[in-house]
There are 2 protein chains.
Amino acid sequence: MGEFLTESRTGTTLPAPCGQRGTDPGGTAEVPERRGSFGTQRGGGVAPAEGPEAVMLLDRARAEADPVLRAALGSLPGPMRRIALHHFGWEQSDGSPVEGDSGRAIRPALVLAAAAALGGPEARAGAARAAAAVELVHTSTLLHDDVMNRDTTRRHRPTAWTVLGDADAILAGDTLQALALRLLAQDPHPASPAAAARLADCVIELCAGQHADTALERCAPAEVTLDGALAMAEVRTGALLGSACAIGGLYAGASDEEVAALDAFGREAGLAFQLIDDVIGIWGEPSRAGEPLGAGVAAGKKSLPVVAAFASGNPAAAELAGLYARPGEKGDLDHIALTVERAGGRDWAQGQAADRMARAMQQLARAVPDPEAAGGLLALTEFVTRRTG
Amino acid sequence: MGEFLTESRTGTTLPAPCGQRGTDPGGTAEVPERRGSFGTQRGGGVAPAEGPEAVMLLDRARAEADPVLRAALGSLPGPMRRIALHHFGWEQSDGSPVEGDSGRAIRPALVLAAAAALGGPEARAGAARAAAAVELVHTSTLLHDDVMNRDTTRRHRPTAWTVLGDADAILAGDTLQALALRLLAQDPHPASPAAAARLADCVIELCAGQHADTALERCAPAEVTLDGALAMAEVRTGALLGSACAIGGLYAGASDEEVAALDAFGREAGLAFQLIDDVIGIWGEPSRAGEPLGAGVAAGKKSLPVVAAFASGNPAAAELAGLYARPGEKGDLDHIALTVERAGGRDWAQGQAADRMARAMQQLARAVPDPEAAGGLLALTEFVTRRTG
């Protein structure tokens, strides 16, 4: 676990996003050895896994967490209830029910798998409220992030603020955060206070991460440090995955060391996922990319491979700086992608992803030495990171 | 306690703000008998009390809650810490400390006074975290409300969003809400889970109230129901005061009935305060009013006396509708104030305020039968409601 991580959990500032302290992108790329079925390698990248176990685990997590979520949302005052049900995809804007996909339930599944890994079926059964609370916090942060970032679509649907206005989207986010912590406060499980403190701490960390992200977007590309961008990405993508795993551990009565290792496992896996996602965003097949290919590059966004390319300091980086300095003239996305690759951004990102997954595996082995007990967490991590560039 | 109150705590929708279900404003004005030194009458209104005891209680609450607040804020990641300290008025925007007033600490004082009333000094001493948590939630809602309402000043200072932008103000509000609930989750006091659940519930209620407030502002004046406006005002002003008292009771080991009575006491007193504040806003001396005299009327805002005037259905109400239908021609604020008064809005509001204070006293007597033990809560309520039109 990187030291920035420890710092962010104890309330220290994230590294300043701008500066001249870029890590040499060539220096950190290490290809880890294979461990079990996780993070199988292909050409330095990450190969897909089929993940039928993960699909089963996700379905089961939904079956366990959804009734708690629905009951919690059902207890909200009318207008907030309707907004929340609509945002979860469970209700049309006219109040009629929707039968369909309410998202992948990755975070609830991690809570339940971590509880099961360390405490067996009984611990898993006791952690349904915690699983629902983590999902509520996730949804709450999405609602507010979309307002702040002015993002107009999420999960292929219009974002809440575009439909309801900023005020109701802010109120819905506030409501879901409070609902998450009320669920834990009302949970008689002995682990619930510690879980609530950790979840609240995660919200604070996510807010600091969103603030750092905004600051990073304002930096000139060549001024973004790789350490700063990595730390920020780890918080933004990894903090809640780490908390989900840690909270599952708490509900299994895990030791402080085990909980810390579960948190680090989730964070490292989250950062690996983010790196792979960034690679797909620039070099992936359009049909597999999460957003239109190159949209981030076109918008001048500084994804991790792009930051690494700038930090390389080689001639291709100078050429890239020229391309980024002329907004509106970025029509040739293939040329940008090639320049980032020539500057070493792609190799760095793939090496980092592999490195992060190796670290995730080490942390998981610390938390759950029995490979069979760790199977559920492994399968979910494979599922999250199985996409490949 | 009005039934809308009970409904809102159990998650039922607030009454629709618009409709034709206006209460006859003449029917609810009752002048209560004097009880102790609270709510002394003058011309149907509420006379000032000196409140040296209240000033002492507020100073003491600050002395007890501020160290907890400062330690909690000090634990935040850097940028969020600076934003929060600035919003609390404890730090300049350049990070240098401010020695000065950080607000009146009414809510922490109510938590501590309620704990002392039912559990003596020991309960009071154990409730400092809870007092700080309630203040953090209050500050969190102010940060977000200012963003949503586009209010530009608060406590004679520019609001956070005008200085930091919407995104950081939203993040700071999210952070303070999480910090409040983390404080309670980490409090080893046996009452902390129940207090956390109640505080989270209060946040949910405040969000529903803010939503209803926005809906009310969109209604044509004649369509706003008096029941809807009263219920909304009770939530907006009373919910957190009620929760502060209830949480203090929980920390004193009070029974469910006592806690419910403390909650109702705070809510009724809060609504009385709001009614008095509305009267001052229209008819008060400019130097005593919280905002420029008549600013609310000029902006077309539907304060409770104005809603009551519309609901009266008498000829002055029809005249008022004509005045409100022509925005930009409201130059003659004296004429509007006189028309609201002729329609019965002022008498109704003063009668309602007296009625609500009588109800508050009844609830306080239920919760704390010993008048001496109730002295602190009485003094604080006097302080809050002592301003007079």
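Residues numbered from 1 in each chain as written. Chains lettered and ligands numbered in written order. Predicted model: local features only at pLDDT ≥ 70, side-chain atom pairs only at ≥ 80, totals over all residues. Heavy atoms only, no water.

Caption draft 1: Molecular detail of the overall build of chain A. For chain A, the count of helices and strands is 16 helices and 4 strands. For chain A, the residues scored as buried account for 60% of the 389 residues in total. Residue pairs at least 24 apart in sequence account for 75% of intrachain contacts in chain A once pairs closer than 6 positions are excluded. Here chain A has roughly 14700 Å² of accessible surface; of this, 51% comes from carbon and sulfur atoms. (Helix = DSSP H or I, 4+ residues; strand = E, 2+ residues; numbered from the N terminus. Buried < 20%, exposed > 50% of the residue type's maximum accessible area, 1.4 Å probe, protein only. Contact = heavy atoms within 4.5 Å. Areas by Shrake-Rupley, 256 points an atom, 1.4 Å probe, with all protein chains shown as cover.)

Caption draft 2: Broad picture of unusual backbone geometry. Although it is not a glycine, Arg150(A) adopts a positive phi angle of roughly 55°. Mapped onto the elements of the fold, Arg150(A) is located in the loop between helix H5 (128–149) and strand E3 (153–154).

Caption draft 3: Fine view of the interface of chain B and chain A. Each partner contributes residues to the interface: chain B has 39 residues there, and chain A has 39 residues. Overall, the association of chain B and chain A removes approximately 3300 Å² of surface from exposure, summing both partners, and the carbon and sulfur fraction of that is 71%. On the chain B side of the interface with chain A, the three residues burying the most area are Met148(B), Ile204(B) and His211(B), jointly 17% of the side's total. Across the contact surface, chain B and chain A share 2 salt bridges. Arg182(A) is the salt-bridge partner of Asp201(B), the closest N and O atoms lying 2.4 Å from each other. Between chain B and chain A we count 8 residue pairs in polar contact (both at pLDDT 80 or more) in total. Only helix H3 (78–87), helix H5 (128–149), helix H7 (166–185) and helix H8 (192–218) of chain B provide two or more residues apiece to the side of chain B that touches chain A. Examining the composition of the side of chain B that touches chain A, we find that 12 residues originate from one element, H7(B), more than from any other. For the side of chain B that touches chain A, the per-class residue count stands at 22 nonpolar, 12 polar and 5 charged. (Buried area = accessible area lost by both parts, 1.4 Å probe. Salt bridge = Lys/Arg side-chain N within 4 Å of Asp/Glu carboxyl O. Polar contact = N/O pair within 3.5 Å; in protein donor to acceptor, adjacent residues only side chain to side chain. Nonpolar A, V, L, I, M, F, W, Y, C, P; charged D, E, K, R; others polar.)

Caption draft 4: Fine view of the nonpolar core. By size, the foremost hydrophobic cluster in this structure holds 186 residues, and its most contacted members are Leu73(A), Leu199(A), Leu377(A), Leu73(B), Leu199(B) and Leu377(B). When neighbours within four sequence positions are excluded, Leu199(A) is seen to be in contact with Ala133(A), Val134(A), Val137(A), Ala180(A), Leu181(A), Leu184(A), Leu240(A) and Ile247(A). (Core = buried A, V, L, I, M, F, W, Y, C linked by side-chain atoms within 4.5 Å.)

Caption draft 5: Broad picture of the relation of the copies chain B and chain A. Rotating chain B by 180° and translating it 0.0 Å along the rotation axis places it on chain A, where the RMSD comes to 0.0 Å. Expressed as an axis order, the relation between the two copies is that of a two-fold axis. (Least-squares fit on C-alpha atoms with pLDDT ≥ 70 in both.)

Caption draft 6: Layout of the packing of aromatic side chains. Per the counting criterion, the structure on display carries 0 aromatic pairs over all chains. When the ring centre of Trp161(A) is taken as reference, the NZ or CZ atom of Arg150(A) above it lies at 3.8 Å. (Phe/Tyr/Trp six-rings, centres within 6.5 Å; stacked < 30°, edge-to-face > 60°. Lys NZ or Arg CZ within 6 Å of the ring centre and 35° of its normal.)

Caption draft 7: Highlighting helix H10 (residues 256–283) of chain A. Between its first and last C-alpha, H10(A) extends 41 Å over 28 residues, near the 40 Å set by a 1.5 Å rise per residue. Buried residues dominate H10(A), accounting for 22 of its 28 residues. (Expected span 1.5 Å × (residues − 1).)

Caption draft 8: Broad picture of the environment of Glu372(B). Residue and element names in this part refer to chain B. Along the polypeptide, Glu372 turns up in the loop between helix H15 (345–367) and helix H16 (375–385). The exposure class assigned to Glu372 is exposed, which follows from its relative accessible area of 72%. As a C-alpha pair, Glu372 and Ala109 span 263 residues in sequence and 17 Å in three-dimensional space.

Caption draft 9: Helix H14 (residues 333–342) of chain A, seen in detail. Within H14(A), burial applies to Ile336(A), Ala337(A), Thr339(A) and Val340(A). Projected down its long axis, H14(A) shows its buried positions confined to an angular sector of 160°, all on one face. (Arc of directions from axis to C-beta.)

Caption draft 10: Expanded view of the side chain of Gln274(A). With respect to the secondary-structure elements, Gln274(A) resides in helix H10. Discounting chain neighbours no more than four positions away, the residues touching Gln274(A) are Ala233(A), Thr237(A) and Leu304(A).

Caption draft 11: Summary view of the pattern of salt bridges. All names here are of chain A. For the coordinates displayed, the defined rule picks out 34 salt bridges over all chains. The partner of Arg62 in a salt bridge is Asp59, with the nearest N and O atoms 3.8 Å apart. Residue Arg62 and its partner Asp59 are both found in helix H2 (residues 52–74); the two are separated by 3 residues, about one turn of the helix. Judged by relative accessible area, which is 21%, Arg62 ranks as partly exposed.

Caption draft 12: Geometry of the state of the cysteines. Residues and elements named next belong to chain A. Tallying each qualifying case throughout the model produces 0 disulfides over all chains. Cysteine Cys207 remains unbridged, with the sulfur of Cys202 as its closest cysteine sulfur at 9.6 Å. Taking relative accessible area as the criterion, Cys207 reaches 5% and is therefore assigned buried. (Disulfide = S-S within 2.5 Å.)

Caption draft 13: Focus on the environment of Gln274(B). Taking relative accessible area as the criterion, Gln274(B) reaches 17% and is therefore assigned buried. Put simply, Gln274(B) and Ala349(B) are 75 residues apart on the chain and 9.6 Å apart in space, counted from C-alpha to C-alpha.

Caption draft 14: Expanded view of the packing of helix H12 (residues 304–311) of chain B against H15(B). Residue and element names in this part refer to chain B. Following both chains from N to C, one finds H12 and H15 inclined at 120°, their axes separated by 8 Å at the closest point. Taken together, the axis directions place H12 and H15 in an arrangement best described as oblique. In this structure, H12 meets H15 at a crossing whose hand is right-handed. Contacts from Leu304, Pro305, Ala308 and Ala309 in H12 reach Gly345, Trp348 and Ala349 in H15. (Axes fitted to C-alpha atoms, helices over the stretch in contact; angles between N-to-C directions. Parallel < 35°, antiparallel > 145°, perpendicular 65-115°, else oblique. Left-handed = near helix turned anticlockwise from the far one by under 90°.)

Caption draft 15: Quick look at the confidence of the model for chain A. All names here are of chain A. This prediction gives chain A a mean pLDDT of 81; 77% of its residues lie at or above 70. The least confident element of chain A, judged by mean pLDDT, is strand E1 (residues 41–42) at 30; the most confident is helix H4 (residues 106–126) at 97. This model gives residues 1–13 a pLDDT under 50, and the stretch forms 35 contacts once residues within four places in sequence are excluded. Counting contacts from residues 20–49, a segment whose pLDDT is below 50, to residues more than four positions away or on other chains yields 68 contacts. For this predicted complex, the interface confidence comes out at an ipTM of 0.84, alongside a pTM of 0.85. (pLDDT = per-residue confidence, 0-100.)

Caption draft 16: Inspection of the side chain of Ser243(B) at higher detail. Residues and elements named next belong to chain B. By the secondary structure assignment, Ser243 is in helix H9 (residues 226–251). In this structure Ser243 comes out as buried when scored by relative accessible area, which is 2%. Apart from residues lying up to four places away in sequence, Ser243 is in contact with Arg198, Cys202 and Asp263.

Caption draft 17: Structural view of the packing of H5(B) against H9(B). Residues and elements named next belong to chain B. Between H5 and H9, whose axes approach to 10 Å, the crossing angle comes to 165°. When the axis of H5 is compared with that of H9, the two are roughly antiparallel. As for the relative orientation of H5 and H9, their crossing is right-handed in sense. Note on element contacts: H9 touches H5 through Arg236, Leu240, Ala244, Ile247 and Tyr251, opposite Ala130, Val134, Val137, His138 and Asp145. Tallied by class, residues from the contact of H5 with H9 come to 7 nonpolar, 1 polar and 2 charged.

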